[in-house]
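So you can see what is in the structure, the chains are spelled out below.
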Amino acid sequence: MLYINCPHCGMRSQNEFSYGGDASVKRPSLNKEVSDQEWDNFVYNRKSLRGKHLELWQHISGCRQWIKVERDTSTHEIFRTFKADEEVAK
Amino acid sequence: MTQGFRIENGGLIDRNKKLSFKFNGKKYFGYEGDTLASALLANGVHLVGRSFKYHRPRGFFGAGVDEPYAVVQLYRNGETEPNIKATEQELFEGLEAKSVNCWPSVNFDIGAINNFLKIFLPAGFYYKTFMWPKSFWYRIYEPFIRKAAGLGVASIDHDKERYEHKYEYCDLLIAGSGPSGLAGAYAAAKNGAKVILAEDKPRFGGSLLTSDVNIGNQSGKDWAEGMITELKAMPNVVVKNRSQIFGYYDHNMLVMSEKVSDHLPKTKKYHPNKRLWYIRAKEVLISSGSIERPIVFGNNDTPGVMLSSAAKEYLKVYGVLVGRKPLVFTNNDSGYETAIEFKKHGVDPIILDTRKNPKSEIIDEAKNLGIHIKNSYVVAAAQGYKKVKSADIASISDDKKQLGKIENIQCDCICVSGFWTPTIHLASQSGNKTKFKEEIDAFVPGTSKQNETSLGAANGIFSLEETLKTSFKAGGELSKKITENENNVAIPNVVEKKSSQHDKFWCVPLPKGKNYKRFLDFQNDVAVSDIEIALREGYRSIEHVKRYTTLGMATDQGKTSNLNGLQLVSEIENKVVPAVGHTTFRPPYTPISIGAIVGREVGKHTKPTRKSPIHTWHEKNNAVFVDAGVWLRPRYYKRGNENLFEASKREAKNVRTNVGVCDVTTLGKIDVKGPDAAEFLNRVYTNAWLKLPVGKARYGVMLREDGIVMDDGTTTRISENHYHMTTTTAQAANVLSHLEYYLQLVWPELNVNVVSTTEQWAGAAIAGPKSRDLLQKLFPNSDVSNEGLPFMGYTEADLFGVKARIFRISFSGELAYEVNVVSDYGNFMWEKIIEIGEEFKIQPYGTEALSTLRIEMGHVAGSELDGRTIPYDTALEGLVSKKKDFIGKRSLQKSAFTAEDRQRIVGVVPIDKKTSIPEGSHLVKDAKAPLPNPKLGHISASCWSVEYDNPFSLAILKNGKNMIGEKLFAMSPLKNKIIPVEIVSSHYVDPKGERVRS
Ligand SMILES: [Zn+2]
């Protein structure tokens, strides 16, 4: 079970969180013309990386905040965690 | 029966507490502190089971967790548990156990015929023998295997024991209470660290309980006792026996199974049987010790052949002689300790040492005691069927390839020591890439991956002095990092007679002309010849060899067999062991009860049950409940002998003619507040929300980004910046997360807050032509006329002193209202409605009637919004705004979603107007078409229309728009039904929706 540092609450076990997928995906703005390809990339196409991955988790049984977690998908190592509105420097 | 093999004095058992027990129906006696194994051995019982494949007789091989043979079916307090190791099960008064894997009995076993038909079951026999002909599988092979093989039998009764889970956090977790664990724990505890020390056995001390050493001028055992006493007294230390740490998971989380009650005849009141600990440790000290390796020789599975350390433990801990004519076969000093122990109790052992000229203090001691030692000697084969009777021994050449002349000597047990294998399972589970250590012929932990440090024998260190030195140091340094305290602990002086020098020898060559079975894996009956076959047939990867031969795949997970198997593969393949590599260790280290893993989450406790505040009333009024997610909802209220069909028909009919009331507390409710709330709803829902006035409700549909309908419900504008959203019961939690996602991540600029209010409000839906009359009596001071409270209107009112919210919304399609009060007054509201509604012939109605009412109205619910439908499919496209953008809108342009013959909701009526159509039936054009019959659609919901008194269903049908009037067939292979049907509009009753506005 992962041990995740919620930026709002501190270290909490994984069973308090729910997974929310790739955090690098940006939703196209509202009322903007979007090509099929662009839209499909947003809705469906994911890289399924092996290695360092920035992903979303929601602290669902805690503060209910969505957070960003930088995690290695093959080793489960967690490098950093961020608040929803924090910019993530590469 | 006397305990003929129990020595007069000594051991750590309590001789004042005599216990009786039964094995295979026969009564025996033992003492408190015995294991089932030691008590049986004290009674001279060596035959305890049959092997898995050849059904060869099986005795005891070890004295603990590594035991491959002595697996029994245990009976305790009216319950039975399979696959219990007799070497781990503590004796209690009235214990009963039976052998497994024998039929009809342990002494006469029909399966043993396999032993004489060896060609029948060589390596890979599962894959080869049972392949052809296919038709033999069910009739012959499978029943045969099931009867002849298999270990114990799981009980089919409900387990009456209770199991608990516990979460714990600590600075240092120490796995094992031998010398390294005690030293590490002590040093850490002295630095003020929060320490948990776990020992899987009932007694603390590990190897110190049986080894002949001195620490700090006292015996190893006394030193261990002193340490434990001191540790137990420290407030920052938790010391646990009978507690096996069996899994090392991510981020330094380890799981431990504590056997709270297994050693007692009966679990004490309020105690669990086992307690599962989830421990998050900052640092882990792995002090799990080592397991003695066997040396492989002919018939080495005969009862009476056992590990020399086990023989020593039975003697020193339990006061039991495993034989009176022991032969000790060793390649290192450990065998000498066992032999000396025998000698001290008046038994004359013979030592066969593979080494030519070994030297150490302990060897000198053995010589001085007059023990007969034969150097450069081996056991070629054990003789005897159900028990060792003699041994064929021979000298061995210096290159260990040639045997001398075979001699047969009498003996009744053979105690084997092939040196020690570090228990690296936990380190390996943590992700540590282990490495091969040439000097000890075994794998040891490599570089730590998580915060784990292996100590002592678990780290391949076999000198006690070195072990204590490094373990005190590790415990001290790791704890200092955490607590910033430093209290140096003096390292005691150590006297050890043993050297850790050993002979690199693990398998005795076959004597000329002999074809003895030489076993590697004793539980799965994998012999040297099986590995040879696998390699001859081209298997190379150790993982493949393992699976083909089943080496190390039994319940002992190869604790005594893995390394010898690797040695054999490397020898045949001419590779070094590290190049062969070992198979991966996975949790659990040892079998763990399913009950312990499940814990309290049994039956109704798997998920919490949610009940509405009106639940008790429902119960008192004969409600029959149904699970709606985690909620319990009344399905119908039974009157007299009514069944579900009759009751729900009556309830639905009463809504259509008079008035009914339904508990709708379970609906999800979310408060949406803030100056940008309207804009937010406008983006979340497909329809327009910017112009909804205060005091009005609106029905809304929300999509996922892929265009599929996520949920529907009504949302009401309570005040300028305050909306009350409702969701379906099932989607309440998902919708809240969905809203939070957009507010926190996508549109953080919107000033809106959302919070669940599901539990704050109790709700009652009042529906039927007489609902307004009832409402007027409930709220005499409010204007609830059609003008005062029009369809989709909202008002706040006073319900006999309780503030209530009234929404004029309808799911049943009748004139209807929903009244909400704060939950604490839910029952009060309900009783008032029933009381005052009496004159209007009110009846409560359950979910079954509710379904009937919505189905015949063509209102969609979860069975249509099933995660595969877009608004058009459920006839909700009228709610999809063309002007504004919203979540999922772009996806609706996809060609599949705009196809002319797109699926769409329709109504379905059986042509005979009698036969109900099973939900899930497929709609097909031609009932006689060859299979697979092309499916045009499926029945999503069925009811008995109370309006027309005939069956009616909803379906999602391809090209549904143009199918009205068509005749099709509804096929249900499950119910074996083919029903001719006609497609009609989904709005079967009141298609214009006049009633809700009346
Ligand atoms: Zn949090």
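Note that the structure is predicted; figures quoted are calculated from it, not measured.

Basis of the calculations
Residues numbered from 1 in each chain as written. Chains lettered and ligands numbered in written order. Predicted model: local features only at pLDDT ≥ 70, side-chain atom pairs only at ≥ 80, totals over all residues. Heavy atoms only, no water. Helix = DSSP H or I, 4+ residues; strand = E, 2+ residues; numbered from the N terminus. Buried < 20%, exposed > 50% of the residue type's maximum accessible area, 1.4 Å probe, protein only. Contact = heavy atoms within 4.5 Å. Areas by Shrake-Rupley, 256 points an atom, 1.4 Å probe, with all protein chains shown as cover. Lys, Arg positive; Asp, Glu negative; His and termini not counted. Charge placed at Lys NZ, Arg CZ, Asp CG, Glu CD. Donors = N, O, S within 2.8 Å, 3.2 Å for Na, K, Ca; no water. Tetrahedral: all angles 85-135°; square planar, octahedral: opposite > 155°, others 65-115°. Buried area = accessible area lost by both parts, 1.4 Å probe. Salt bridge = Lys/Arg side-chain N within 4 Å of Asp/Glu carboxyl O. Core = buried A, V, L, I, M, F, W, Y, C linked by side-chain atoms within 4.5 Å. Arc of directions from axis to C-beta. Axes fitted to C-alpha atoms, helices over the stretch in contact; angles between N-to-C directions. Parallel < 35°, antiparallel > 145°, perpendicular 65-115°, else oblique. Left-handed = near helix turned anticlockwise from the far one by under 90°. Nonpolar A, V, L, I, M, F, W, Y, C, P; charged D, E, K, R; others polar. Pairing = 2+ DSSP bridges. Phe/Tyr/Trp six-rings, centres within 6.5 Å; stacked < 30°, edge-to-face > 60°. Lys NZ or Arg CZ within 6 Å of the ring centre and 35° of its normal.

Participant: Let's hear about the overall build of chain B: which residues, and what values?
Facilitator: A count of helices and strands for chain B gives 24 helices and 50 strands. In terms of overall dimensions, chain B has C-alpha extents of about 115 × 70 × 55 Å along its principal axes. For chain B, the proportion of its 998 residues judged to be buried stands at 59%. Counted over contacts in chain B with a minimum sequence separation of 6, partners at least 24 positions apart contribute 67%. About 41400 Å² of surface is accessible on chain B, with carbon and sulfur atoms providing 52% of the total. The positive charge centre, built from 132 side chains, and the negative charge centre, built from 114, are 4 Å apart in chain B.

Participant: I'd like to hear about the coordination of the zinc ion, residue by residue, with values.
Facilitator: Residue and element names in this part refer to chain A. Coordination of the zinc ion by the protein comes from Cys 6 (SG), Cys 9 (SG), His 59 (ND1) and Cys 63 (SG), over a distance range of 2.0 to 2.3 Å. Given four donor atoms and angles of 105 to 113° at the metal, the environment of the zinc ion is assigned as tetrahedral. Spacing between the donor residues of the zinc ion along the chain follows C-x2-C-x49-H-x3-C. Separated by 54 residues along the polypeptide, Cys 9 in the loop between β1 (3–6) and β2 (10–13) and Cys 63 in the loop between β4 (52–58) and β5 (66–72) bring together distant segments of the chain.

Participant: Please give an account of the interface of chain B and chain A that cites residues and values.
Facilitator: The interface of chain B with chain A comprises 28 residues on the first partner and 28 residues on the second. Summing both sides of the interface, chain B and chain A together bury roughly 2400 Å²; the carbon and sulfur share of this comes to 52%. On the chain B side of the contact with chain A, His 251, Gln 744 and Arg 890 of chain B bury the most area, a combined 26% of that side's loss. Viewed at the interface, chain A and chain B are joined by three salt bridges.

Participant: Account for the nonpolar core, naming residues and giving values.
Facilitator: All names here are of chain B. Residues Phe 60, Tyr 314, Phe 329 and Ile 414 are the most contacted members of the largest nonpolar core, which totals 78 residues. The element contributing the most residues to this core is helix α1 (residues 36–42), with six residues. Among the nonpolar cores identified, the runner-up in size contains 32 residues, and Ile 174, Ala 187, Leu 468 and Leu 478 belong to it.

Participant: Kindly report on helix α21 (residues 771–778) of chain B, identifying the contributing residues and their values.
Facilitator: Along an α-helix, residues three or four apart share an orientation, since each turn contains 3.6 residues. Turning to α21 of chain B, its buried residues number three or more, namely Ser 771, Arg 772, Leu 774, Leu 775 and Leu 778 of chain B. The arc enclosing the buried residues of α21 of chain B, seen along the axis, measures out at 160°, which places them on a common side.

Participant: Lay out the packing of helix α8 (residues 334–344) of chain B against helix α9 (residues 361–368) of chain B with the relevant residues and their values.
Facilitator: Residues and elements named next belong to chain B. Where α8 contacts α9, the two axes come as close as 10 Å, and the packing angle between them is 30°. Between α8 and α9, the crossing angle belongs to the class labelled roughly parallel. The hand of the α8/α9 crossing is left-handed. Between α8, through Tyr 336, Glu 337 and Ile 340, and α9, the contact on the second element is made entirely by Ile 362, Ile 363, Glu 365 and Ala 366. Split into classes, the residues belonging to the contact of α8 with α9 amount to five nonpolar, no polar and two charged.

Participant: I'd love a proper account of the sheet that holds β4 of chain A, names of residues and values included.
Facilitator: Ordered in space as β3-β4-β5-β6 (chain A), the four strands form an open sheet in which the pairing is antiparallel. Among the strands making up the open sheet, the edge pair consists of β3 (18–22) and β6 (78–83) of chain A. Averaged over all pairs of adjacent strands, the angle between strand axes in this sheet comes to 30°, irrespective of strand direction. Where β3 of chain A and β4 of chain A come together, three bridges link them in antiparallel fashion. In the sheet register, Asp 22 of chain A faces β4 of chain A, and the bridge partner there is Glu 55 of chain A. Across the sheet, helix α20 (residues 732–746) of chain B lies against β4 and β5 of chain A, angled at about 85° from β5 of chain A, the strand it touches most.

Participant: Explain the packing of aromatic side chains to me, using residue names and the numbers behind them.
Facilitator: Using the criterion set out here, one finds 25 aromatic pairs over all chains in the structure. Where Tyr 794 of chain B meets Phe 807 of chain B, the ring centres are 5.0 Å apart and the plane angle is 40°; that geometry is what we call tilted. Within this pair, whereas Tyr 794 of chain B is found in strand β41 (residues 794–799), its partner Phe 807 of chain B is found in strand β42 (residues 802–807), the two being separated by 13 residues in sequence. The exposure class assigned to Phe 807 of chain B is buried, which follows from its relative accessible area of 3%. Three or more aromatic residues joined by ring pairs form one cluster here, namely Trp 66 of chain A together with Tyr 741, Tyr 742 and Trp 747 of chain B. Taking NZ or CZ as reference, Lys 52 of chain A lies 4.5 Å from the ring centre of Phe 79 of chain A, over its face.

Participant: A description of the sheet that holds strand β21 (residues 377–383) of chain B should follow, citing residues and the corresponding values.
Facilitator: All names here are of chain B. Spatially, β21-β22-β23 is the arrangement adopted by the three strands of the open sheet, whose pairing is antiparallel. Of all the strands in the sheet, the pair left with one neighbour each is β21 and β23 (407–410). Strand-to-strand twist of the sheet, defined as the mean angle between neighbouring strand axes without regard to direction, takes the value 35°. Strand direction decides the pairing type here: β21 and strand β22 (residues 390–395), joined by six bridges, are antiparallel. For Ala 381, the partnering residue across the bridge sits in β22 and is Asp 392.

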